[in-house]
Amino acid sequence: MLKFENVTKIYQNSSERMKSIALDGVSFEIEKGEFISVVGKSGAGKTTLLKLVLLEERPTQGMIFFKGIDINRLKSTEIPLLRRKIGVVFQDYKLLSSKNTFENIAYVMEVTGASDKEIKRDVPIVLEIVGLGKKAKNFPDELSAREKQRAAIARALIHRPDIILADEPTGNLDPYNTSEIIKLFLKINEMGTTIILATHNKEVIKIVKKRVITLENGKIIRDDKNGHFIL
Amino acid sequence: MDILSFDIFLTLKRIFLAGWRNFLRDGGPSIATIFVILIPVALLSSLLIFKEANRVLISTLQEKADVSVYFKVETKEEEILYLKDELSKIPEVKEIKYISKEEALQNFIQRHGENQTLMEALREVGKNPFFASLSIKAWQASQYETISKFFDNSNFKDQIEKIDYYERKSLIENIFTLTSNINKAGITLFILMSILALLITFNTIRLSIIKQREEIRIQKLVGASNWFIRGPFFVQGAISGILSALICILFFALLFYFLDPRLKNFFPEFPLLLYFKTQIWILFLIQLLIGTTIGTISSLLAIRKYLEV
């Protein structure tokens, strides 16, 4: 499904000529239907890794394959097509502030060319799944952190992506809500969607109990099949 | 990754709806944009109507223009009538009319009979001060030159008191120069105003885009294509242009409705309102074209740099 081959990402500050290595020779492979947690301290390279999959950033070296396609060779017109196969949950939610919950989720379907009928049918179902059935008409400003995160999750899964990337999805939540959200991800994974979850929260790993990739200073220091969080 | 499965009409519908929402949400700046685009739209429309009015004015003047040849007092009527026959053989001549001294006097009295001062002056002179004349009309204004040359070379040269062609010629030429200057100034102003409107619309839409920069970024990250994001801004610009054209045509209709009766008094040859009515669609089309061109080009320019995610 997803394969990193010796991927390095170096950020260069052009004015000060400072180099910062975000990822350093990272290689791993993820099979369809897997649930991977990527852990590490802040700055370990977790977010960069997700950004590379989404083509928000390009690797300095190495290759990334998504379903056998080298994504760095995609033309700019093909990038949206790749992104439509990926669902993303950002730590800061990134909901469209001018659209209400329903419209935010419907937008992803509109982008993929779904019909109005499909949108009317699917969005309420997904809103029910994430527990936001009664918040469809509310705008992001009117939602709590927990509700925003749930809306973001609904948006990430509405178009049945091949893979969902979640970057610190519980970063702004209390332990109770954290466990609730993680259980939601597990449920989505059970339905067949591959999930990559970046986190620095030990509790999350304890709940998930699945494969854990540990990053430190941009390198993979551990790839554990059975969920341990050791730093 | 199949792009062909896209329903193009559905996508267009969504782009149009999003553009309309953008337009409504922007409120004040949207209205400002409409009125800024309105300036070059109205300017060019006025120029087109002015050009037509000018054409009518010139042809009216040419129609009215004639060459009047005044004969010295001692010239005999037979000689003048002979000349009239000769003249009618020239192909450039459309019409010749002989006006005798008496007729000229009668015409004058008829026209100015109520003007005491003039009548008094006429009595003071004691005799008929008018000359017999031939009034000659040509088919085209340019032909008057040929006709007047005929007199210069003819045997009658000595019997001619004066030819009053040149005065009118300079009047027509003056109008030509004046209107061509007004046209030039109008077109320059139109170009300047178009650039100004382009810049202001560009700025309005750019502000709207900057406000939505983060949203555009999110839209790109969830897989929206550039056209799906650019489209609504494009539509927003077009809506401003269309509304400008609509306001302009309504404004002109109202203005001409009230102006028409007044214009009839001193320029009856140009039926402003009638002309406007017959040309309304073509005029509206031109206005739409200018309005939407300014609106869409400026929005495309404005969004260009925010799509690189």
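Predicted model, so just to flag it, every value in this text is computed and none were measured. (Residues numbered from 1 in each chain as written. Chains lettered and ligands numbered in written order. Predicted model: local features only at pLDDT ≥ 70, side-chain atom pairs only at ≥ 80, totals over all residues.)

**Q** Outline the overall build of chain B, supporting the account with residue identities and numerical values.
**A** For chain B, the count of helices and strands is ten helices and four strands. At 32 Å, chain B has a C-alpha radius of gyration far larger than the 19 Å of a compact globule built from 309 residues. Oriented by its inertia axes, the alpha-carbon framework of chain B measures out at about 100 × 40 × 30 Å. In chain B, which comprises 309 residues, the proportion classed as buried is 27%. For chain B, long-range pairs separated by at least 24 residues make up 87% of all intrachain contacts whose partners lie at least 6 apart in sequence. (Helix = DSSP H or I, 4+ residues; strand = E, 2+ residues; numbered from the N terminus. Rg over C-alpha atoms; globule rule 2.2 N^0.38 Å. Buried ≥ 20, exposed ≤ 12 C-beta atoms within 10 Å, placed from the backbone. Contact = placed C-beta atoms within 7 Å.)

**Q** Let's hear about the confidence of the model for chain B: which residues, and what values?
**A** Residue and element names in this part refer to chain B. For chain B, per-residue confidence averages 83 on the pLDDT scale, and 93% of positions sit at 70 or higher. Considering only residues more than four positions removed or in separate chains, one finds that residues 1-5, a stretch of pLDDT under 50, has four contacts. Both confidence scores are given for the complex: pTM 0.71, ipTM 0.88. (pLDDT = per-residue confidence, 0-100.)

**Q** Please set out the packing of helix 3 (residues 101-111) of chain A against helix 5 (residues 145-157) of chain A residue by residue, giving values where relevant.
**A** Residues and elements named next belong to chain A. At their nearest, the axes of helix 3 and helix 5 sit 8 Å apart, and the two run at 25° to each other. In terms of orientation, helix 3 and helix 5 fall into the roughly parallel class. When you trace helix 3 past helix 5, the crossing you get is right-handed. Residues T101, N104, I105 and V108 of helix 3 form the contact with helix 5, whose own contacting residues are A151, A154 and R155. Tallied by class, residues from the contact of helix 3 with helix 5 come to four nonpolar, two polar and one charged. (Axes fitted to C-alpha atoms, helices over the stretch in contact; angles between N-to-C directions. Parallel < 35°, antiparallel > 145°, perpendicular 65-115°, else oblique. Left-handed = near helix turned anticlockwise from the far one by under 90°. Nonpolar A, V, L, I, M, F, W, Y, C, P; charged D, E, K, R; others polar.)

**Q** Would you mind going over helix 8 (residues 213-221) of chain B in detail, with residue names and values included?
**A** Residue and element names in this part refer to chain B. Every buried residue of helix 8 is listed here: I216, I218, Q219 and K220. Here the buried face of helix 8 lies against helix 9 (226-266). Of the residues flanking the end of helix 8, it is G223, one or two places downstream, whose phi is positive at about 100°.

**Q** Go over the interface of chain B and chain A, please, and point to the residues and values.
**A** Counting residues at the interface gives 18 residues for chain B, matched by 18 residues for chain A. Mapped by element, the contributors of at least two residues to the side of chain B that touches chain A are helix 1 (8-26) and helix 8 of chain B. Element by element, the count of residues in the side of chain B that touches chain A is highest for helix 1 of chain B, at four residues.

**Q** Could you give an account of the sheet that holds strand 2 (residues 93-99) of chain B, naming the residues involved and the relevant values?
**A** Residue and element names in this part refer to chain B. Strands sit in the order 2-3-1-4 across an open sheet of four strands; the sheet is antiparallel. The sheet is open, and its two borders are formed by strand 2 and strand 4 (160-163), each paired with just one other strand. For this sheet, the mean angle separating the axes of adjacent strands, direction not counted, is 20°. Helix-sheet contacts for helix 6 (residues 144-153) involve strand 1 (67-71), strand 2, strand 3 (133-138) and strand 4, and the interaxial angle to strand 1 is about 15°. (Pairing = 2+ DSSP bridges.)

**Q** Any details on the domain arrangement of chain B? Residues and values, ideally.
**A** Annotation of chain B at the domain level lists domain 1 (3-61 + 172-306) and domain 2 (66-164). Relative placement of domain 1 of chain B and domain 2 of chain B: their C-alpha centres are 54 Å apart. (Domains from an automatic or database assignment.)

**Q** How would you summarise the sheet that holds strand 4 (residues 61-66) of chain A if you had to cite specific residues and measurements?
**A** Residue and element names in this part refer to chain A. One open sheet holds the four strands; their spatial order is 2-1-4-5, and the pairing between them is antiparallel. Both outer strands of the open sheet, strand 2 (18-30) and strand 5 (69-70), are each paired with one neighbouring strand and no more. Helix 1 (residues 46-53) rests against strand 1 (2-13), strand 2 and strand 4 of the sheet, and its axis sits at about 115° to strand 1.

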